[in-house]
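Structural characterization, general
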Amino acid sequence: MKVLVWDKEKCIGCGTCERKCSQTWFKEENRTKSRIKISEADNGFSCNVCNQCGECIKVCPVEALKRDSKGIVRLNEKTCVGCLSCVGFCPTQSIFQIVEIDIPFKCISCGVCVKSCPSGALSLEEIPESLDKIFYRRHF
Amino acid sequence: MNKYQNPYNPEKIKQAHKLLTEFKYELKPLEKGYANRTLHVHVGNNTIKSKPVTQEMKDVFTGGKGFDLKLLWDAVNKNTKWDSPENEIVIAAGAMGGITQYPGTGKSIVCGISPITEAPVDSNVGGYFGPYLKFSGWDAIEIQGIADKEVIVYIDGDNGIIQIFEAPEEAIDSHLIAEQMCDIFASNEQEKKNITTVSAGTASEHSFYGCLNFSFYDRRRKVARLKQAGRGGLGTLFRKKKIKALVCKFSKLNVNNNNVADLEAIKRISAEYHRELFENDDSQCDMRHVGTAHLVEIMDDYDLLPTHNYKFGKHEKTGKISSPVWREMFTQGIPDGCWYGCTMQCAKCVDGYTLRTGPYKGDIVSIDGPEYETAAAFGANMGIFDPHFIVEANFYCDTYGIDTISFGTAMAFVMECYENGILNKERTGGHELNFGCGEEAMEMLHQMAKGEDFGKTIGLGIHRLKKLFVKEFGADPQFLQDIGMECKGMEYSEYVTKESLAMQGGYGLALKGPQHDEAWLIFMDMVNNQIPTFADKAEALHYFPMFRTWFGLQGLCKLPWNDVEPPDNAETDEPAKVPKHVQNYVDIFNAVTGKNIDKKELILQSERVYNFQRIFNFRMGFGTREYDQIPYRSAGPVTIEEYLSREDRYDNQLRDKWNWDPTGKSVEERHQKTREFREDAYQKLCDAVYTRRGWDNNGVPTIEKIKSLGIDFPEVIEILENYFQGK
């Protein structure tokens, strides 16, 4: 499973990744519509982006959030009823919702930001695939 | 075919359907939370019609329970009894009902003339029916009449068709018929989530406290789960009408079926609230893991857990039925909301449970709950500290269509009667019904479902049992009045109120009977001493019943209001009100409807409906001071045994609170004096509350009050004028 990884030491806070992301997915350069968020922080910048942990899958009442064949957590927009459970319960607050768009959105490790980053601060790295624990007992 | 040992055949069931009538209607988008029409179904003469919702109806009654009561008022007359054909079951979702963003927005409110109180009753319930009904085009449904043969009412919200079928083959017990309806009305597994069913059960037919089950299909567990409109015998009324099920199909759920005025505001408030739950629930109530069952040990700690028919407030075995046990038994880690978007997820479930008794013995089932009330009633109140008994009895109460609270409280009463010799094995059909007798209690439940023997008798409810035991067994009527935990004919829910006068009023003054959904003031009153004077208590017994009534007008669950609180809530001016969440509700109501109410208007919306319901009670022959009187067990120690169990407390109160020196007095004298003081205090409380609510000292709303609320309809004025002229 390839997860987007951000290098604090290399990031220059230029915002190219955000513009590229929103352009790719929403056809406009608009930071609020980016699935990766770079913010100013003490001693540089911070980054908020999905780490594909899958906690959101467990709170989605309509099973709109699922891992795809590559292990990436994806939101089925046709199934989503916009309840925002995933937004509130994302441990890293990396699922976003904004005014104009009824349903949330998140990073799906597409890599366009990686290619656009002028300082090489972003990369897609392979990590062992997470096995979602089956917490509940199935008897039939 | 299906997973049960005695499988049913959906095709065979479907083939036996006989269409009695069909009604087609135009599908229209909702307008700011309203469908602007209600549905009237008469199962006696098989007629179906649409009624308009006027602006005046919305202005006065708001929606939900308000619509229910208005429609019910118009349908019945002062002579209507619960089993009269004109009596109705009315179900509504409320204006805010069905929004998917904010937790706790999927409640249906059900009203009817109650079999157990013989007055109007309201009961709220989760599941998908109310929202799907509204999205199908109906703000409320009235079911009137009594069918000749068993019927199903089917609302196809996808195609705008309503049908009444003869339904001879369906099961009556809810866990079966809820799944049968999914099998019949969904064309595949994926469609089952679009089906919701209202049903009762076999014991509803033989008891006065039958409940209604509202289903929601759990797509992960692949089972139709059940939430209960428990209070007031509405399941009994349902079966009286010979209805097996109301079914609604709606497949087009989306982000904004309500067509709200300001979706962005709702999204903003809701996302923040979800986060608040995420950050605080684990360290506060832990609703997400144990639901309301987290209360068991807390109530025991504060001497509030009803034990042995409310004699005591704690027990040494409470640990066997407390939240760690339920955390282990409940399946964890999957969404347990009874409506979309509820991240409080208190609808916990025991999965893979193999039934040990009864007609379904050996079947493996998923069981909703137990919630606190059920665990307290079956565990401590009946003295059966066995989680497996609680789970099994919970399952059977649900599927048989029996209110767990009334059953638990009635059984506890019967057990105390047994231990006092009022009952014996000869009178119970050979059953020992001491506290703690789980197998015998379970047998009573199965007998109730079969309509046989002493189990059926227990289904009469405490109010009728008291009369029966006096008449048949020569029991002391005063003793039964003292220990029989019912008021207005309804059994108490599960809190000991002896040390909270305000909560005694919370139960006794509740319009429908002693259910805690109007007010839960024990901590404010007893623990935190925030409302020490009669005026303070009266103010609380005005504000909270009005505020809580509002949830019923909107189709909301109360739990997200105060079962998680903002971290800084304690520093606010009025922490008991949870001001931030109240503001959330005001803002979301405005965002749904496009109106611009504030917190005062919120209370006013409730006051209109609350006073209307009080007058409705009065119209049906109740609704005065005498019906607000409570059994002494809810105010103080009935027996010497109870007095001695908390002797220091009662002695100290005689000295410090009532300025009466108990030194040297016999226990009988101290016990009697305690009773005099406490009963007098309750009367003073009634006086203060009636005044605060704008009622006369008999508990009847004044004409001036009614006019100020704008509910001075001619029939209402006529009723009140007759009363005040006759005084």
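This structure is a prediction, so every number in the text was calculated from the model and none was measured. (Residues numbered from 1 in each chain as written. Chains lettered and ligands numbered in written order. Predicted model: local features only at pLDDT ≥ 70, side-chain atom pairs only at ≥ 80, totals over all residues.)

**Overview of the overall build of chain B**
- Counting its regular elements, chain B contains 28 helices and 17 strands.
- For 727 residues, the compact-globule formula gives about 27 Å, and the C-alpha radius of gyration of chain B, at 24 Å, lands near that figure.
- In chain B, buried positions account for 58% of the 727 residues.
- Restricting the contact set of chain B to residue pairs at least 6 apart, pairs at least 24 apart contribute 71%. (Helix = DSSP H or I, 4+ residues; strand = E, 2+ residues; numbered from the N terminus. Rg over C-alpha atoms; globule rule 2.2 N^0.38 Å. Buried ≥ 20, exposed ≤ 12 C-beta atoms within 10 Å, placed from the backbone. Contact = placed C-beta atoms within 7 Å.)

**Some remarks on the overall build of chain A**
- Counting secondary structure elements, chain A contains four helices and six strands.
- Counted from the first residue to the last, chain A has its helices and strands arranged as β-α-β-β-α-β-β-α-α-β.
- Taken against the 2.2 N^0.38 rule, which gives 14 Å for 140 residues, the C-alpha radius of gyration of chain A at 16 Å falls within 12% of a compact globule.
- By principal-axis analysis of the C-alpha atoms, chain A measures approximately 55 × 35 × 30 Å.
- Within the span of chain A, comprising 140 residues, buried residues form 33% of the whole.
- Contacts spanning at least 24 positions in sequence make up 56% of the contacts within chain A whose residues lie at least 6 apart.

**Points about the interface of chain B and chain A**
- Between chain B and chain A, the contact holds 28 residues from the first and 23 residues from the second.
- Going through the elements one at a time, helix H7 (263–280) and strand E14 (349–354) of chain B are the ones with two or more residues in the side of chain B that touches chain A.
- Broken down by element, the residue count for the side of chain B that touches chain A peaks at eight residues, all from H7 of chain B.
- Its residues assigned to classes, the side of chain B that touches chain A comprises nine nonpolar, 13 polar and six charged. (Nonpolar A, V, L, I, M, F, W, Y, C, P; charged D, E, K, R; others polar.)

**A look at the packing of helix H18 (residues 501–508) of chain B against helix H20 (residues 534–554) of chain B**
All names here are of chain B.
- Between H18 and H20, whose axes approach to 10 Å, the crossing angle comes to 35 degrees. For the element pair H18 and H20, the recorded crossing hand is right-handed. Here H18 contributes Leu501, Ala502, Gly505 and Gly506 to the contact with H20, which in turn contributes Lys537, Ala540 and Leu541.
- Per-class residue counts for the contact of H18 with H20 are four nonpolar, two polar and one charged. (Axes fitted to C-alpha atoms, helices over the stretch in contact; angles between N-to-C directions. Left-handed = near helix turned anticlockwise from the far one by under 90°.)

**As for the sheet that holds strand E6 (residues 120–125) of chain B**
Residue and element names in this part refer to chain B.
- Ordered by their spatial adjacency, six strands build an open sheet running E3-E2-E7-E4-E5-E6, and the pairing between neighbours is mixed. Each edge of the sheet is formed by a strand with only one pairing partner; in this case those strands are strand E3 (47–52) and E6. Neighbour-to-neighbour, the strand axes of the sheet open up by a mean angle of 20 degrees, direction not taken into account.
- Bridge count between strand E4 (residues 88–92) and strand E5 (residues 108–113): three bridges; the pairing is antiparallel. Bridged to Ile91 within E5 is Val110. (Pairing = 2+ DSSP bridges.)

**Comments concerning the nonpolar core**
Residues and elements named next belong to chain B.
- With 251 residues, the main nonpolar core has Val110, Leu212, Val247, Met411, Val414 and Leu445 as its most contacted residues.
- With 10 residues, the top contributor of residues to this core is helix H13 (residues 404–419).
- Here Val110 is in contact with Ile89, Val90, Ile91, Asp122, Ser123, Val125, Leu212, Ala229 and Leu234, once residues within four sequence places are set aside. (Core = buried A, V, L, I, M, F, W, Y, C linked by C-beta atoms within 7 Å.)

**Considering unusual backbone geometry**
Residues and elements named next belong to chain B.
- Cis peptide bonds are those with omega within 30 degrees of zero, and the linkage from Gly369 to Pro370 qualifies with 5 degrees.
- Assignment of secondary structure puts Pro370 in the loop between strand E15 (364–368) and helix H11 (372–381).
- Positive phi outside glycine occurs at Asp286, with the angle close to 55 degrees.
- Position of Asp286 among the secondary structure elements: in the loop between H7 and helix H8 (287–290).
- On the neighbour-count criterion, Asp286 (17 C-beta atoms within 10 Å) is partly exposed.
- Of note in this structure, Lys488 is not a glycine but carries a positive phi near 65 degrees.
- Along the chain, Lys488 falls in the loop between strand E16 (486–487) and strand E17 (490–491).
- Since 26 C-beta atoms lie within 10 Å of it, Lys488 is described here as buried.

**Observations concerning H11 of chain B**
Residues and elements named next belong to chain B.
- Within H11, 10 of the 10 residues are buried, which leaves the element mostly enclosed by the surrounding structure.
- What H11 keeps buried is the set Tyr372, Glu373, Thr374, Ala375, Ala376, Ala377, Phe378, Gly379, Ala380 and Asn381.
- For H11, the secondary structure elements touched by its buried residues are helix H9 (295–301), helix H12 (387–400) and H13.
- Positive phi appears at Gly383, one or two residues downstream of H11, with a value of about 70 degrees.

**Regarding the environment of Thr354 of chain B**
- With respect to the secondary-structure elements, Thr354 of chain B resides in strand E14.
- A sequence separation of 10 residues divides Thr354 of chain B from Ile364 of chain B, and the C-alpha atoms of the two residues are 4.4 Å apart.

**What to know about the domain arrangement of chain B**
Residues and elements named next belong to chain B.
- According to the domain assignment, chain B contains domain 1 (10–249), domain 2 (263–491) and domain 3 (501–726).
- Computed from C-alpha coordinates alone, the two centres of domain 1 and domain 2 are separated by 25 Å.
- Mapped by element, the contributors of at least two residues to the side of domain 1 that touches domain 2 are helix H5 (174–185), strand E11 (212–218) and strand E12 (223–229).
- Take the side of domain 1 that touches domain 2: its biggest share by element is five residues, from E12.
- In terms of residue class, the side of domain 1 that touches domain 2 is made up of 15 nonpolar, 21 polar and eight charged. (Domains from an automatic or database assignment.)

**Overview of the confidence of the model for chain A**
- In the predicted model, chain A carries a mean pLDDT of 90, and the fraction of residues at 70 or more is 91%.
- Note on residues 131–140 of chain A: pLDDT under 50 across the span, and 18 contacts to partners over four residues away in sequence or across chains. (pLDDT = per-residue confidence, 0-100.)

**So, the sheet that holds E11 of chain B**
Residue and element names in this part refer to chain B.
- Pairing within the open sheet is mixed, and its seven strands lie in the order E1-E9-E8-E13-E10-E11-E12. Looking along the sheet, the strands with just one partner apiece sit at the ends: strand E1 (18–24) and E12. The sheet shows a mean angle of 20 degrees between the axes of neighbouring strands, taken without regard to direction.
- The pairing of E11 with E12 spans seven bridges and is classified as antiparallel. The residue of E12 that forms the bridge with Asn213 is Gln228.
- Across the sheet, H5 is in contact with strand E8 (151–156), strand E10 (195–199), E11, E12 and strand E13 (243–249); its angle to E10 comes to roughly 145 degrees.

**Brief notes about the pairing of E4 of chain B**
Residues and elements named next belong to chain B.
- With five of five residues buried, E4 is to be regarded as a mostly interior element.
- As paired elements, E4 and strand E7 (residues 140–144) share five bridges and run antiparallel to each other. From the neighbouring strand, Ala92 faces E7, where its bridge partner is Ala140.

**Details of the packing of helix H3 (residues 65–75) of chain B against helix H23 (residues 599–619) of chain B**
Residues and elements named next belong to chain B.
- Contact geometry of H3 with H23 gives a least axis separation of 10 Å together with a crossing angle of 30 degrees. If you check the angle between H3 and H23, you find them roughly parallel. For the pair H3 and H23, the crossing hand works out as left-handed. Along its contact with H3, which presents Lys65, Gly66, Leu69 and Trp73, the element H23 presents Val609, Phe612, Gln613 and Phe616.
- Here the residues of the contact of H3 with H23 sort into five nonpolar, two polar and one charged. (Parallel < 35°, antiparallel > 145°, perpendicular 65-115°, else oblique.)

**Thoughts on the confidence of the model for chain B**
- Taken as a whole, chain B shows an average pLDDT of 97; of its residues, 100% reach a score of 70 or greater.
- Under the prediction, the complex receives an ipTM of 0.92, its pTM being 0.97.

**Describing the environment of Thr62 of chain B**
All names here are of chain B.
- By the element assignment, Thr62 lies in the loop between helix H2 (55–61) and H3.
- In this structure the C-alpha to C-alpha distance between Thr62 and Val609, which are 547 residues apart in sequence, comes to 8.5 Å.
- Among residues more than four places away in sequence, those in contact with Thr62 are Ala95, Leu553, Gln605 and Val609.

**Considering the environment of Val151 of chain B**
- Position of Val151 of chain B among the secondary structure elements: in strand E8.
- Apart from the residues within four sequence positions on either side, Val151 of chain B is in contact with Leu20, Val43, Ile164, Phe165, Glu166, Ala167, Lys242, Ile243 and Lys244 of chain B.

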